[in-house]
Each structure stands twice: as structure tokens, then as C-alpha cells.
Amino acid sequence: IKRIGVLTSGGDAPGMNAAIRAVVREGLHLGLEVYGIYDGYAGLHADRIEKLDRKSVSDVINRGGTFLGSARFPEFKEQSVREEAIKNLKKHDIDALVVIGGDGSYMGAMKLTEMGFPCIGIPGTIDNDIPGTTYTIGFDTALNIVVDAIDRLRDTSTSHQRISIVEIMGRYCGDLTMGAAVAGGAEFVVIPEKGYDEADLLAQIQAGIDKGKKHAIIAMCEHVTDVNQLAKHIESVTTRETRATVLGHLQRGGTPTARDRIMASRMGSYAVKLLLEGEGGRCVGLMNSKMVHHDIIDCINNMKRPFNQELFDLSDSLF
Ligand code: ATP
């Protein structure tokens, strides 16, 4: 392997820049040439490919988002579109591709690998929802943003004896919601993995009010229920003022935390070393504090993310 490409795909996540930087700098350090592909698979298909040098990744480690840009490009599911993409890679004599993104991006990387072009996946998403790793780049930054938001809501909720629902990202993974609930001291946590019973939630909120609680913060994962409707319902049942706050894309912006920068640096460097050892079609991850790698096809098709029951129990017992 002499030349590698790197792209970021799917939802952007803080720390992606640090991962690109690590891929570029480790690649150069080990004697490779590194090419950046702009705007994910869309840019790969449109041949937006440029050589990167040391300076291309100066001053990016501290920046959120991704300087290479990212894209949703559903056309990449079509074989003919991927064939064009492989042609572009070959035109630039690129031998392997590092894909930084979420599970959708991994699917694209898996398909390219199956078509004979070796890819390596680095988990970059705030959702922490990728199999084969206990950590995804961006999670810690997003978690800190959500906890900060809960702290602020708590101040104003307590002053006004208000009930606050905070809608938190994560797609269908409750890790961000559970982490934020524990760190932010939320009274209730609702996540997709555990199902949702509105009547039960209402009864618990009422029980809290009866015990004299001044406020209630409900940490609610996205895609579970309509939080504005729920706020109206809680208000009508409890007569307490209730507000829903959808944090939305605020959770994805901002300066990456040290943890995300370190993790991105480790994963980026590890991915390049794997490629040089001749390992293609892999995805990297963190398990028991160590870097690991798995077959990307096996990872997507067969591996399951373990549910963090301990964290869930904690969010339940400490409220
Ligand atoms: P996040 O979890 O942050 O949303 P993601 O990587 O899961 O990130 P997606 O939009 O699901 O985001 O996927 C990113 C891109 O990967 C898609 O826009 C598409 O280009 C490609 N992709 C997704 N699924 C497939 C598939 N089945 N085959 C080929 N390419 C795919």
C-alpha cells in the first residue's frame, strides 16, 4: 500500500477532524501518501479528491465538525454508483480507503470492500450506536453539551417548580440519554431499549410531586414520542407548568473534548497501521480500553452492541 484515501460520512461528529489529522499524520510518518475526499461518498462519486499534506491538517484538532465535509448520499446504495467511485479511487492510484462515520457509512465501506476495494471504518458519531466498539468519536463532547443543558434547565425549573423534558439525540441508542441522565441528575430516563409507557411515567411524576419534589427533569431519547405533546399531557394531568426542550443539532457542534481528541487520534493512527499490516475490510474500535479491530462485514451483520444495564440501573436508583 502506497496511497490511502480518507473521508467523513453521515452525521458530523466533534473529533472527526482529529481523526482525519491522525490518519494523515500517521500515514505520512509511515511513508504513505494520503488523499482527502470531500463530502463523503458524494464527493467520492464526483471525484472531489485532493492530496493532503502535514499542513492540510494544521489547526484542526480543536475544531468541531469535519473540514472534509460530510454528506447523505443515498445513491451510494446503487452498485453502478459505487463502481464509478472505485474508478475514481483507481484513477488517483489510491489502494485503500479510511471511512470515518456511523453505521450507514460502514455499510458503504462494507459494500466497497465486498467489491474488492479495501476499506477500514472508524466509528464517528455522537450516538455511540456502532457494533464492535464501546466508544464512538463525538460521544463525549455531545454528552458534555447535554449535561450542560440539563444543568441550565435545572436552575430555571427549580425556581419555577417546572417540569422539563429534554429530548436527546442517539437515534435508537439510549447511551447519550442514560449518560446525561446520570451526570445531570435527571429524575426520569426514557430510552428506546427499555420501551415506553406514558401512563407509568405520568404516575411516577405525580408520585414525585406528592413527595414534595420541586422540579422534574425527564431525559428522553429522540424517536420515542412527541415531546411537545407529552409536555401538554403532563401539564394537564399534574397542573404543573411543563416544557419540552429539543436540543437538536446543538449537540453536534462545538469544540471536541480531550477524550474525543485522544480517542480520534488513537483510532486514526491504529487504522493506518492496520492497513500497512495488510488488513483491509476491518473496522476499528475500543474494547476494555484497548484498540481492537473486526471484520467490517461480520461487524455489521452479526455483532450486537451490549446494552449498558449498569448505567440504566444507576439512572433509575439514584433519582
Ligand atoms: P449517523 O449515525 O451519524 O447518522 P451514518 O454514517 O449512519 O451517520 P447515514 O446517512 O446512515 O449516516 O449513512 C451515511 C452514508 O453512507 C449514506 O448517505 C450513504 O451514502 C452511505 N450508505 C448508507 N447505507 C448504505 C448502504 N446500504 N449501501 C451503501 N452505502 C450506504
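- The protein chain goes by ATP-dependent 6-phosphofructokinase in an unreviewed UniProt entry, where it is assigned to Moritella marina ATCC 15381.
- What UniProt states about the protein chain under its Subcellular location (unreviewed entry) heading is, verbatim, "Cytoplasm".
- Recorded in UniProt under Catalytic activity (unreviewed entry), the annotation for the protein chain is "beta-D-fructose 6-phosphate + ATP = beta-D-fructose 1,6-bisphosphate + ADP + H(+)".

1. Describing the sheet that holds strand β1 (residues 3-8)
Inference 1: The strand order across the open sheet formed by seven strands is β3-β2-β1-β4-β5-β10-β11, and the pairing between neighbours is mixed. Each edge of the open sheet carries a strand with a single partner, namely β3 (49-52) and β11 (290-295). Here the strands of the sheet are splayed against their neighbours by 30 degrees on average, with no regard to which way each runs.
Inference 2: This element, helix α4 (residues 103-114), spans β4 (96-101), β5 (119-123) and β10 (282-287) of the sheet and lies at about 165 degrees to β5.

2. Brief notes about the site of the ligand
Inference 1: Taken together, the neighbourhood of the ligand is formed by 19 residues, with R72, F73, D103, S105 and R171 sitting nearest.
Inference 2: Between an oxygen atom of the ligand and a main-chain N or O atom of G11, the distance comes to 3.4 Å.
Inference 3: S105 is positioned such that a nitrogen or oxygen atom in its side chain is 2.5 Å from an oxygen atom of the ligand.
Inference 4: Coverage of the ligand by the protein chains reaches 89% of its 620 Å² of free accessible surface.
Inference 5: Of the residues that constitute the shell around the ligand, the class distribution is five nonpolar, eight polar and six charged.

3. With respect to a nonpolar patch on the surface
Inference 1: A cluster of nonpolar side chains, I1, L30 and L276, forms an exposed patch at the surface whose accessible area comes to about 230 Å².
Inference 2: Residue placement: L30 occurs in the loop between α1 (16-29) and β2 (33-37).
Inference 3: Accessibility expressed as a relative area gives 35% for L30, which makes it partly exposed.

The rules we used
- Residues numbered from 1 in each chain as written.
- Predicted model: local features only at pLDDT ≥ 70, side-chain atom pairs only at ≥ 80, totals over all residues.
- Heavy atoms only, no water.
- UniProt positions renumbered as here; feature names shortened; annotations may be inferred.
- Pairing = 2+ DSSP bridges.
- Helix = DSSP H or I, 4+ residues; strand = E, 2+ residues; numbered from the N terminus.
- Axes fitted to C-alpha atoms, helices over the stretch in contact; angles between N-to-C directions.
- Contact = heavy atoms within 4.5 Å.
- Near = heavy atom within 4 Å.
- Polar contact = N/O pair within 3.5 Å; in protein donor to acceptor, adjacent residues only side chain to side chain.
- Areas by Shrake-Rupley, 256 points an atom, 1.4 Å probe, with all protein chains shown as cover.
- Nonpolar A, V, L, I, M, F, W, Y, C, P; charged D, E, K, R; others polar.
- Patch = residues over 30% accessible without salt bridge, like charges linked within 9 Å, V, L, I, M, F, W, Y side chains within 5 Å.
- Salt bridge = Lys/Arg side-chain N within 4 Å of Asp/Glu carboxyl O.
- Buried < 20%, exposed > 50% of the residue type's maximum accessible area, 1.4 Å probe, protein only.

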